[in-house]
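What follows is each chain in one-letter form.
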Amino acid sequence: MRRFAVIVLISAWVQLGLAQNGVKGSWRKGAPMVMVNQTTLVEDQPVGTGPHMMDLQRGNESHSAFDKFMNRTKTDMPTGVCFEEVPTISLIKPIGGVIPAGNGSDLSLSRVQVCCKGYERNVHNFRKCDPVCERPCVNSLCVGPNSCQCYPDFVKNQQDQCVPTCPIGCDNGECSLEMGMCICKDGFELDHSHKFCIPRCTGGCGDGRCVAIEKCECNAGHVPDEQGKCVPYCEGGCGNGECIAPSVCQCRPGYELGDEDCEPICSNGCFNGVCTAPETCSCKPGYKMGPSENKCEPTCDRPCLNGVCSGPNTCNCHRGYVLDEVDPLKCLPHCPNGCPNGVCSGPNMCLCNAGYIKDRSLKGSQTCVKRV
C-alpha cells in the first residue's frame, strides 16, 4: 500500500512539473517496455531498477556496465539550470514602500534560476532541471534536449533507434555467442560497425537508404531510377545534360544551360536560323544557308526586279524605285513630280509620249510638252 502511495505521489509531481514548464508528452523515466520490430526495447529507467533486465538476458557483467553507465552519465549531465533577470517587485513585497535593490544588471532587476530551453524542473530536486525528449528514448537515456544516448549493449541503427547488439541480442539477426557477432537473417547484412543487421538492397540505394529488403527510400530531391537506385531529380528533365543534384543540370560538351534545357552552342552565331546541334545552324523556312555557313539568306520565288531579296518572298527596292502594288517581287522607277504626257522610265526620269518632247526652257525639266 505504501509503495502504491509513493508511485501516485511521484506521478502527480511529474504531471505538475510538466504543466508548469508547458511540456506535454515528454519522456523521462519509468516508462514501460515497447516492442519495435519484434525486439524488446526498454525505456529510460532510474538507476537500480531492472525487472526488465532479465527480459534481455543480461549477465552480471552487463548489469555492472549498465550501472556504471547510468552513474557516470547522470553525473556528467548538465544541471540544465539557467539564470534570468526579472523585476524584483514581482518577487517580493515592498518594505515600507521601498523595493530592495536587486542583484541584476539593473537595481530594479533580480537574477533567478530557471530551467534552460529544452529542460524541465526535476520533481525531486527543485535545484535541478532534467532534459526533455519529446520522442521516447527507447533503450537509451535522455541526456539533453531531444538527445538520447544508448545503454551499454545497444547501438543506434539507421533509424536512430537504439537496438540490442551482442551479447544480449541482434537486430534483424541472431547473436552467436561463440563467434561474438551477429548472424543476419536472409535479406539482411551487417552494418559498417558489424553490431546489427540492416536490410540489403542489391547495388545500393545511391542518394537514399535501404529501409526494407530491396526497397530504397530516397533523400529529398531524389527519385528512384529504373533499377530502384535513388538519383537526383530535375523538374522537366535535363535534356542534353545530366541531373547531378536536385534541380541542377550539368550540360554535355558543346551545350550551355538555357531557360529550360541545355541548348547547343554555335560559337559564330546562327543568323536567320536555329542552332540545332553544336556548331550546326539550321535555317528557318524561307531561308537557305549562305557561303558563311552560319548565316541563312532569304529566298524569293524569283529574282527581285530593281531590288534585292530581303526576306522570304520580300523585296527591298533600290534607291529611286518603289514596290509594285500588284507584284511584290517587282520594283518600279519613281518620279516624285509625276510624268504628265509621258511615263516614268527610271528614277526621276520621264519618257515622253509620241508627239511630246521635254521642255527645254528649264534645265533638267522632266515635263513633256507638245511638239510644235
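Chemist: Mind showing me how you'd approach the packing of aromatic side chains here?
Modeler: A ring pair, where both rings are aromatic, is described by two values, the distance of the centres and the angle of the planes. Counted under the stated rule, the structure contains three aromatic pairs. Both rings, one in tyrosine 151 and one in phenylalanine 154, keep their centres 6.4 Å apart while their planes meet at 75 degrees; by these two values the pair is edge-to-face. According to the relative accessible area criterion, phenylalanine 154 is buried, its value standing at 8%. Following the ring pairs from residue to residue traces out a cluster consisting of Phe66, Phe69, Tyr151 and Phe154. The ring of phenylalanine 83 has arginine 111 lying over it, and the distance from NZ or CZ to the ring centre is 4.5 Å.

Chemist: Is there a simple way to explain the nonpolar core in this structure?
Modeler: Among soluble globular proteins, nonpolar side chains are generally buried collectively. Judged by nonpolar contacts, Phe66, Phe69, Met70, Met77, Leu141, Val143, Cys150, Tyr151, Phe154, Cys162 and Ile168 together constitute the single largest core of eleven residues. At the level of secondary structure, the elements contributing two or more residues to this core comprise α2 (60–76) and β7 (140–144). Sort the elements by how many residues they give to this core and α2 lands first, with three residues. Once you skip the residues sitting within four places of it in the chain, phenylalanine 69 turns out to touch Leu141, Gln149, Cys150, Tyr151 and Pro152.

Chemist: Explanation requested: the pairing of β7 in the structure shown.
Modeler: Where a strand is regular, its side chains alternate between the two sheet faces. Extensive coverage of β7 is indicated by the burial of five of its five residues. Pairing of β7 with strand β8 (residues 147–150) involves four bridges; the strand directions are antiparallel. Each residue of the ladder has a partner; that of glycine 144, found in β8, is serine 147. Here β7 folds back onto β8, and the loop between the two strands holds two residues, one of which, asparagine 146, carries a positive phi near 55 degrees.

Chemist: Is there a simple way to think about unusual backbone geometry in this case?
Modeler: Across the chain, the bulk of peptide bonds are trans and the bulk of non-glycine residues have phi less than zero. A cis amide bond links cysteine 166 to the next residue, proline 167, at an omega of 15 degrees. Turning to its location among the elements, proline 167 is positioned in the loop between β10 (162–164) and β11 (173–176). If you check the backbone angles, glutamate 279 has positive phi at about 60 degrees while not being a glycine. Relative to the helices and strands, glutamate 279 is located in the loop between β23 (273–277) and β24 (280–283). Residues other than glycine seldom take positive phi values, yet asparagine 313 does so here, at roughly 55 degrees. Checked against the element boundaries, asparagine 313 lands in the loop between β27 (307–311) and β28 (314–317).

Chemist: What exactly am I supposed to notice about a negative patch on the surface here?
Modeler: Together, Glu256, Asp259, Glu260 and Glu263 make up a negatively charged patch on the protein surface. For glutamate 260, the location among the structural elements is in the loop between β21 (255–257) and β22 (262–264). Owing to a relative accessible area of 68%, glutamate 260 belongs among the exposed residues under this scheme.

What counts and how
Residues numbered from 1 in each chain as written. Predicted model: local features only at pLDDT ≥ 70, side-chain atom pairs only at ≥ 80, totals over all residues. Heavy atoms only, no water. Phe/Tyr/Trp six-rings, centres within 6.5 Å; stacked < 30°, edge-to-face > 60°. Buried < 20%, exposed > 50% of the residue type's maximum accessible area, 1.4 Å probe, protein only. Lys NZ or Arg CZ within 6 Å of the ring centre and 35° of its normal. Core = buried A, V, L, I, M, F, W, Y, C linked by side-chain atoms within 4.5 Å. Helix = DSSP H or I, 4+ residues; strand = E, 2+ residues; numbered from the N terminus. Contact = heavy atoms within 4.5 Å. Pairing = 2+ DSSP bridges. Patch = residues over 30% accessible without salt bridge, like charges linked within 9 Å, V, L, I, M, F, W, Y side chains within 5 Å. Areas by Shrake-Rupley, 256 points an atom, 1.4 Å probe, with all protein chains shown as cover. Salt bridge = Lys/Arg side-chain N within 4 Å of Asp/Glu carboxyl O. Lys, Arg positive; Asp, Glu negative; His and termini not counted. Charge placed at Lys NZ, Arg CZ, Asp CG, Glu CD.

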